[in-house]
Amino acid sequence: MNPLIITCAITGAETTKKDQSHLPITPKEQALAAKAAVMAGASIIHLHVRENDGTPSQQVERFAEAIGAIKKEVNDVIIQISTGGALGENIENRARPLQLKPEMASLNLGTMNFGDNIFYNHPKDIEILAKKIYENEILPELEVYEAGMLESAFRLCKKGILKDPMHFQFVLGVPGGMSGDVRNLLHLVSLLPSNVGWAVAGIGRYELPLAIHAVLLGGHVRVGFEDNIYYSKGVLAESNAQLVERVVRIAEETGREVATPLVARKLLGIR
Ligand code: KMH
Ligand code: ZN
């Protein structure tokens with residue numbers, strides 16, 4: 001089986017310090033959280049940034065500052081910036097950090113209810129973001145929250161808007177999308193052609209069971225405070241790294257090697 005790529009989504013746009021006091025907000029905090037996650041076994045950092053007061057931001061300068069601080073601590077990590085941003089953010093702002101040409105960026109493939117809100121991804125906006133991502137020679141990670149979005153990706157690929165080889169992230173457990181029921185993951189994986197890669201991010205209590213299944217099925221895994229702030233039921237995690245460490249232990253116990261950033265680049269086809 002391929003080595004396991006672990007992504008750590010250290011901050012997100014929705015989690016607050018009130019929910020999780022160890023949430024990294026400033027570039028310095030993000031750099032230290034990223035370093036610990038990479039030391040634990042993560043090879044990709046999925047990055048959102050915040051203002052000092054915790055407000056979500058899509059400011060290029062803030063992304064540049066955070067990326068610089070992270071790279072200073074762990075030079076070889078793969079940075080994946082978010083073009084999802086925070087709920088309600090306009091498309092110009094969501095596209096802004098692409099000019100920094102990170103190695104990866106997320107690309108969300110459809111509009112959906114997102115808890116009590118709407119996560120708006122107009123087909124035209126998806127196309128605009130895809131174009132900007134490829135123009136900047138960035139690898140998109142295709143965020144899929146339900147099966148229709150996966151089928152949209154196949155259509156967009158036929159039209160040339162998305163390019164092979166595609167790499168998917170199944171984000172399961174957002175109220176409004178597919179839940180993290182393992183049968184949903186199995187269904188999504190069953191729809192994939194052989195030349196694509198996939199990872200899973202389980203939201204909240206779904207994080208651990210879906211990570212275990214991905215390790216066994218040959219997929220990749222995302223964990224972190226963006227998706228889940230708990231270590232176990234009612235017990236808050238102490239750090240993002242603690243969530244990564246557990247996935248590494250599971251991989252080791254099941255004989256799956258964990259990818260270094262270098263190996264992850266090879267697997268993902270990043271030059
Ligand atoms: N903040 C969520 C509404 C992404 O990073 O691309 C969307 C999100 C997805 O976090
Ligand atoms: Zn995100």
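As a reminder, the structure under discussion sits directly above these lines.
Everything numeric in this text was worked out from a predicted model, so none of it was measured.

1. Comments concerning helix α5 (residues 147–158)
Over its 12 residues, α5 extends 17 Å from the first C-alpha to the last, a length consistent with the 16 Å expected when each residue adds 1.5 Å. Regarding α5, the residues found buried are Ala 147, Met 149, Leu 150, Ser 152, Ala 153, Leu 156 and Cys 157. Sitting at the head of α5, Glu 146 places a side-chain oxygen 2.6 Å from the backbone nitrogen of Gly 148. In the segment just after α5, Gly 160 is the residue with positive phi, at about 85°.

2. A few points about the site of ligand 1
Not every one of the 14 residues close to ligand 1 is listed here, only the nearest: Ser 82, Gly 85, Ser 106, Asn 108 and Glu 226. Taking Glu 226, its side chain carries an N or O atom lying 2.9 Å from an oxygen atom of ligand 1. Considered on its own, ligand 1 offers 300 Å² of accessible surface; in the complex 97% of this is hidden by protein. Class assignment of the residues belonging to the shell around ligand 1 gives a composition of 5 nonpolar, 7 polar and 2 charged.

3. Digging into the coordination of the zinc ion (ligand 2)
Six octahedral donors around a metal ideally subtend angles of 90 or 180 degrees, whereas four tetrahedral donors ideally subtend 109.5 degrees. Looking at the zinc ion (ligand 2), the protein donor atoms are His 46 (NE2), His 48 (NE2) and Glu 226 (OE), and they sit 2.0 to 2.1 Å from it. Ordering the donors of the zinc ion (ligand 2) by residue number gives the pattern H-x1-H-x177-E. On the criterion of sequence distance, the pair formed by His 48 in the loop between β2 (44–47) and β3 (49–50) and Glu 226 in the loop between β12 (220–223) and β13 (230–232) is long-range, its members being 178 residues apart. Taking the relative accessible area as the measure of exposure, His 48 reaches 4% and is therefore buried.

4. Here's the deal with the nonpolar core
Ranked by size, the top nonpolar core spans 81 residues in total, and within it Ile 45, Leu 47, Leu 109, Leu 162, Phe 168 and Phe 170 carry the most contacts. Tallying contributions element by element places helix α8 (residues 240–253) first for this core, with 7 residues. Leaving out residues up to four positions away in the same chain, Leu 109 has contacts with Ile 126, Leu 142, Glu 143, Val 144, Met 149, Ser 152, Ala 153, Leu 156, Leu 162 and Phe 168. Ranked by size, the runner-up nonpolar core spans 9 residues in total, among them Ile 44, Ile 78, Leu 139 and Leu 268.

5. Section: the environment of Arg 94
Mapped onto the fold, Arg 94 is located in helix α3 (residues 91–95). Exposure remark for Arg 94: the relative accessible area of 3% places this residue in the buried category. Along the sequence, Arg 94 and Ser 82 sit 12 residues apart, while their C-alpha atoms lie 7.8 Å from each other. For Arg 94, the contacting residues outside a window of four places in its chain are Gln 58, Ser 82, Thr 83, Gly 84, Glu 89, Asn 108, Phe 119, Tyr 120, Asn 121 and Leu 129. Here the side chain of Arg 94 touches Gly 84 through a polar contact of 3.4 Å, landing on its backbone oxygen. Only 2.5 Å separates the side chain of Arg 94 from the side chain of Asn 121, close enough to count as a polar contact.

6. Here we look at the sheet that holds β12
The parallel closed barrel is built from 8 strands, whose spatial order is β1-β2-β5-β6-β9-β10-β11-β12. Within the sheet, the average angular offset between the axes of one strand and its neighbour, ignoring direction, is 25°. Of the pairings in the sheet, the one linking strand β11 (residues 197–202) to β12 comprises 3 bridges and is parallel in character. Note that in β12 the partner of Val 200 across the bridge is Val 221.

7. With respect to the packing of aromatic side chains
Tallying each qualifying case throughout the model produces 6 aromatic pairs. An angle of 75° between the planes, with centres 5.5 Å apart, marks the rings of Phe 114 and Phe 119 as edge-to-face. The buried category is assigned to Phe 114, whose relative accessible area is 18%. On the basis of relative accessible area, Phe 119 is assigned to the buried category, the value being 5%. A ring pair is formed by Phe 168 and Phe 170, whose centres lie 6.2 Å apart and whose planes are at 10°; its orientation type is stacked. No difference in accessibility class separates Phe 168 from Phe 170, as the two residues are buried. Across from the ring centre of Tyr 134, 4.9 Å away, lies the NZ or CZ of Lys 163, which sits over that ring.

The rules behind each value
Residues numbered from 1 in each chain as written. Chains lettered and ligands numbered in written order. Predicted model: local features only at pLDDT ≥ 70, side-chain atom pairs only at ≥ 80, totals over all residues. Heavy atoms only, no water. Helix = DSSP H or I, 4+ residues; strand = E, 2+ residues; numbered from the N terminus. Expected span 1.5 Å × (residues − 1). Buried < 20%, exposed > 50% of the residue type's maximum accessible area, 1.4 Å probe, protein only. Polar contact = N/O pair within 3.5 Å; in protein donor to acceptor, adjacent residues only side chain to side chain. Near = heavy atom within 4 Å. Areas by Shrake-Rupley, 256 points an atom, 1.4 Å probe, with all protein chains shown as cover. Nonpolar A, V, L, I, M, F, W, Y, C, P; charged D, E, K, R; others polar. Donors = N, O, S within 2.8 Å, 3.2 Å for Na, K, Ca; no water. Core = buried A, V, L, I, M, F, W, Y, C linked by side-chain atoms within 4.5 Å. Contact = heavy atoms within 4.5 Å. Pairing = 2+ DSSP bridges. Axes fitted to C-alpha atoms, helices over the stretch in contact; angles between N-to-C directions. Phe/Tyr/Trp six-rings, centres within 6.5 Å; stacked < 30°, edge-to-face > 60°. Lys NZ or Arg CZ within 6 Å of the ring centre and 35° of its normal.

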